[in-house]
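Overview (structure and organization)
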Number of protein chains: 2
Amino acid sequence: MLYLIGLGLGDATDITVKGLQAVKKCSRVYLEAYTSILTVGKEVLEEFYGKQLILADRDLVEQGADEILKDAEVTDVAFLVVGDPFGATTHSDLVLRAANAGIPYKVIHNASVLSAVGCCGLQLYNFGETVSLVFWTDTWRPESFYDKICKNRTAGLHTLCLMDIKVKEQSIENMMRGKMIYEPPRFMTVAQAADQLIQIIERRKEEGEELGVTEDTVCVGMARLGTDDQVIRAATLRQLMSCDLGAPLHSLVITGQLHPLEVDLLRLNAEPNALKQLRMIDSSTYTS
Amino acid sequence: MLYLIGLGLGDATDITVKGLQAVKKCSRVYLEAYTSILTVGKEVLEEFYGKQLILADRDLVEQGADEILKDAEVTDVAFLVVGDPFGATTHSDLVLRAANAGIPYKVIHNASVLSAVGCCGLQLYNFGETVSLVFWTDTWRPESFYDKICKNRTAGLHTLCLMDIKVKEQSIENMMRGKMIYEPPRFMTVAQAADQLIQIIERRKEEGEELGVTEDTVCVGMARLGTDDQVIRAATLRQLMSCDLGAPLHSLVITGQLHPLEVDLLRLNAEPNALKQLRMIDSSTYTS
């Protein structure tokens with residue numbers, strides 16, 4: 001049996017009882033380590049489970065699926081994923097390979113940022129399409145996510161922005177030279193994401209475009225969601241550009257139309273200036 | 001401390017280790033029992049936790065919040081919610097009351113249908129706004145959810161349809177007579193949801209409207225997601241109208257534009273006729 005087990009968002013104890021029971025009986029346990037991270041490392045998990053873990057990086061999952069699935073029809077193998085197992089495409093691919101090889105599989109779900117984001121005070125059914133922000137390079141500065149956010153806002157919907165994670169990446173130079181030297185991990189911060197958005201806004205403003213999102217749009221920056229030291233900060237996009245929410249992972253929400261209850265909840269975590277913004281919303285927009 | 005603890009989707013063991021630890025130390029434990037259900041009842045949970053539970057129906061949560069929050073600044077109180085605690089508006093309201101009363105609160109997240117739906121094979125970031133389907137009455141037949149589904153489809157996005165739950169509801173007659181007699185619980189099935197949608201489609205077809213969703217649209221019916229006997233069925237809307245997916249809870253997805261990997265995953269759970277549909281998609285639509 002292949003078990004795909006979600007680990008939730010925080011630390012070792014965020015696994016479900018069912019998930020822990022499954023891990024304990026598996027002969028091999030893989031930890032997917034490139035699409036997300038917990039606040040604790042491999043060693044802490046190993047101690048908590050009483051099991052050795054095998055780190056599964058992108059190469060192993062995408063090219064070494066056969067190795068992961070080896071003998072899974074006769075022995076139990078666990079594949080641990082931060083959040084819920086279906087957060088990333090590559091895990092669906094693993095399920096498909098298992099199914100096509102006749103290997104039975106079972107999914108043990110857990111919290112994902114896609115639903116945990118509700119704790120910022122915005123209602124989950126008021127969210128539109130989720131977008132992903134990638135680190136820009138000198139030659140690659142995609143803006144399509146901005147248009148999706150504007151589309152959501154036009155429909156009155158909030159947008160959850162997931163942030164780029166770079167783990168075990170080679171520099172182009174090292175890649176060309178065939179050197180297996182990896183860059184330090186990078187996790188996009190809320191400030192970096194806000195900066196990208198504002199660069200897009202400024203460029204489009206110069207071009208005279210009508211803006212769906214501005215520097216004054218109320219946004220919510222979040223860090224380490226679901227952990228004891230999570231940070232939730234409701235503020236304008238401009239304010240978030242200079243915020244420091246600490247260690248990863250970060251995520252960002254661009255609000256759409258706000259309901260009175262949502263405004264009240266955002267206030268619990270609002271910057272003073274965003275409070276002003278929320279008061280303005282309070283007396284006008286959301287009644288429309 | 002007020003703990004809002006998600007129970008996940010299946011049975012007693014779907015609580016997280018962190019959640020279980022919190023439940024064990026609380027002096028009062030409420031079980032929210034009107035926005036969702038587990039496959040096991042209160043007694044099974046009580047045995048698993050070694051704790052008595054207090055059932056919290058809509059009246060208690062919406063009107064008796066003070067009772068739930070009583071002494072929570074000096075003692076630990078748990079409020080258990082099926083899925084993730086932020087799935088329903090009323091739970092946000094409880095958080096707001098706690099915060100305004102100066103009561104510290106902590107959220108322990110868990111799987112929600114909003115992310116667990118990924119196990120049907122559709123990618124979570126290809127979903128648009130979630131919609132809710134309510135039981136129609138003779139005089140109230142809202143159709144706005146249909147328009148939202150069409151809007152999502154136009155944007156290429158899938159739609160998760162959450163289904164109405166009626167627990168501890170009075171008939172209008174009993175309500176008018178002030179009789180505290182409650183109707184048996186009702187949970188909308190995938191077949192009922194498909195039937196509603198097809199009624200809308202037929203009515204609009206007669207009016208000559210261009211249809212964003214038809215009887216042949218590929219949909220996914222799901223029952224008891226996250227449990228050992230979950231059912232996932234990819235089929236046309238017409239086929240789902242006559243399906244019996246068994247005990248609650250059910251949910252339904254209307255697909256938008258399908259990616260090749262999504263088609264491959266849907267095939268694992270497809271009806272023969274939907275297979276034909278998926279083959280057609282295979283060779284045309286999704287390449288656009």
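Anyway, here's the lowdown on the structure attached to this text. A quick note: this is a predicted structure, and the numbers were derived from the prediction, not measured. For every chain, the first residue of the written sequence is number 1, and numbering continues from 1 onward in sequence order. Each chain takes a letter, starting from A, and each ligand takes a number, starting from 1, following the order in which they are written. Local features in a predicted model are, by the rule used here, given only for residues with pLDDT of at least 70; side-chain atom pairs are given and counted only at 80 or more, and totals for whole chains, interfaces and linings are based on all residues. Side-chain measures here rest on the full set of heavy atoms in the structure, leaving out hydrogens and waters.

Moving on: the packing of helix H11 (residues 260–267) of chain A against helix H5 (residues 89–100) of chain B. To obtain an axis, a line is fitted to C-alpha atoms, over the contacting stretch when the element is a helix, and the angle between two such axes runs from 0 to 180 degrees between their N-to-C directions. Secondary structure elements follow DSSP: runs of H or I of four or more residues count as helices, runs of E of two or more count as strands, with numbering from the N terminus. Look at H11(A) against H5(B): their axes get within 10 Å of each other, and the N-to-C directions meet at 40 degrees. On the basis of their axis angle, the class for H11(A) and H5(B) is oblique. H5(B) is crossed by H11(A), and the crossing has left-handed handedness. Facing H11(A), whose interface residues are A:Leu261, A:Asp264 and A:Leu265, H5(B) presents B:Thr89, B:Ser92, B:Asp93, B:Val95 and B:Leu96. Side-chain classes follow a simple rule in which Ala, Val, Leu, Ile, Met, Phe, Trp, Tyr, Cys and Pro form the nonpolar group, Asp, Glu, Lys and Arg form the charged group, and the remainder, Gly included, forms the polar group. Classifying every residue of the contact of H11(A) with H5(B) gives four nonpolar, two polar and two charged. Note that the term roughly parallel is reserved for angles under 35 degrees, roughly antiparallel for angles over 145, roughly perpendicular for angles of 65 to 115, and oblique for everything else. Should the near helix be turned anticlockwise from the far one by less than a right angle, the crossing is termed left-handed; should it be turned clockwise, right-handed. By definition in these notes, contact holds between two residues if any of their heavy atoms fall within 4.5 Å.

The rule is simple: put a 1 Å grid over the protein atoms alone, call a set of points where a 1.4 Å probe fits but cannot get out a cavity, call an open set with protein on both sides within 12 Å along at least five of seven lines a pocket, and count a residue as lining if it has an atom within 4 Å of a point. Grid points are joined across faces, edges and corners, and a volume is the space filled by probe spheres set on the points. On inspection of all chains with the given rule, the structure shows five cavities of 30 Å³ or more. Space inside the largest cavity adds up to approximately 240 Å³. Considering the residues around the largest cavity, the lining is formed by 15 residues, among which A:Leu114, A:Phe127, A:Thr130, B:Leu114 and B:Thr130 are closest to the centre. A class-by-class count of the residues in the lining of the largest cavity yields 10 nonpolar, four polar and one charged. Roughly 60 Å³ of internal volume is contained in the second largest cavity. Lining the second largest cavity are A:Lys18, A:Val107, A:Ile108, A:His109, B:Gly8, B:Leu9, B:Gly10, B:Asp14, B:Asn110, B:Ala111 and B:Gly226.

A word on the sheet that holds strand E4 (residues 77–81) of chain B. Residues and elements named next belong to chain B. On the basis of which strands lie adjacent, the open sheet formed by five strands has the order E3-E2-E4-E1-E5 and parallel pairing. The open sheet is flanked by strand E3 (54–56) and strand E5 (105–108), the only strands paired with a single partner. When strand polarity is set aside, the average angle formed by the axes of neighbouring strands in this sheet is 20 degrees. Set on the sheet, helix H1 (residues 17–25) makes contact with strand E1 (2–6), strand E2 (28–32), E4 and E5; between it and E1 the angle comes to about 140 degrees. Relative to the sheet, H5 contacts E1, E2, E4 and E5, its axis offset from that of E1 by approximately 160 degrees. A pair of strands is considered paired only if DSSP assigns at least 2 bridges between the two.

Turning our attention to the pairing of strand E10 (residues 218–223) of chain A. Residues and elements named next belong to chain A. Across the six residues of E10, six count as buried, placing the element largely inside the fold. Covered by surrounding structure in E10 are Val 218, Val 220 and Met 222 together with Cys 219, Gly 221 and Ala 223, the residues of both alternating faces. Where E10 and strand E11 (residues 231–236) come together, six bridges link them in antiparallel fashion. Each residue of the ladder has a partner; that of Val 220, found in E11, is Ala 234. Pairing analysis gives five bridges linking E10 to strand E12 (residues 250–254), with the strands arranged antiparallel. Of the residues in E12, the one forming a bridge with Gly 221 is Leu 252. Here the term buried applies to any residue with accessible area under 20% of the maximum for its type, exposed to any over 50%, and partly exposed to those in between, with areas from a 1.4 Å probe on protein chains only.

Time to look at the nonpolar core. Here, nonpolar core refers to any group of buried Ala, Val, Leu, Ile, Met, Phe, Trp, Tyr and Cys residues whose side-chain atoms link them within 4.5 Å. Judged by nonpolar contacts, the single largest core of 93 residues is most densely connected at A:Leu2, A:Phe79, A:Val220, B:Leu2, B:Phe79 and B:Val220. Those residues in contact with B:Leu2, other than ones at most four positions away along the chain, are B:Leu69, B:Ala72, B:Val77, B:Phe79, B:Leu94, B:Ala98, B:Ile103, B:Pro104, B:Tyr105 and B:Lys106.

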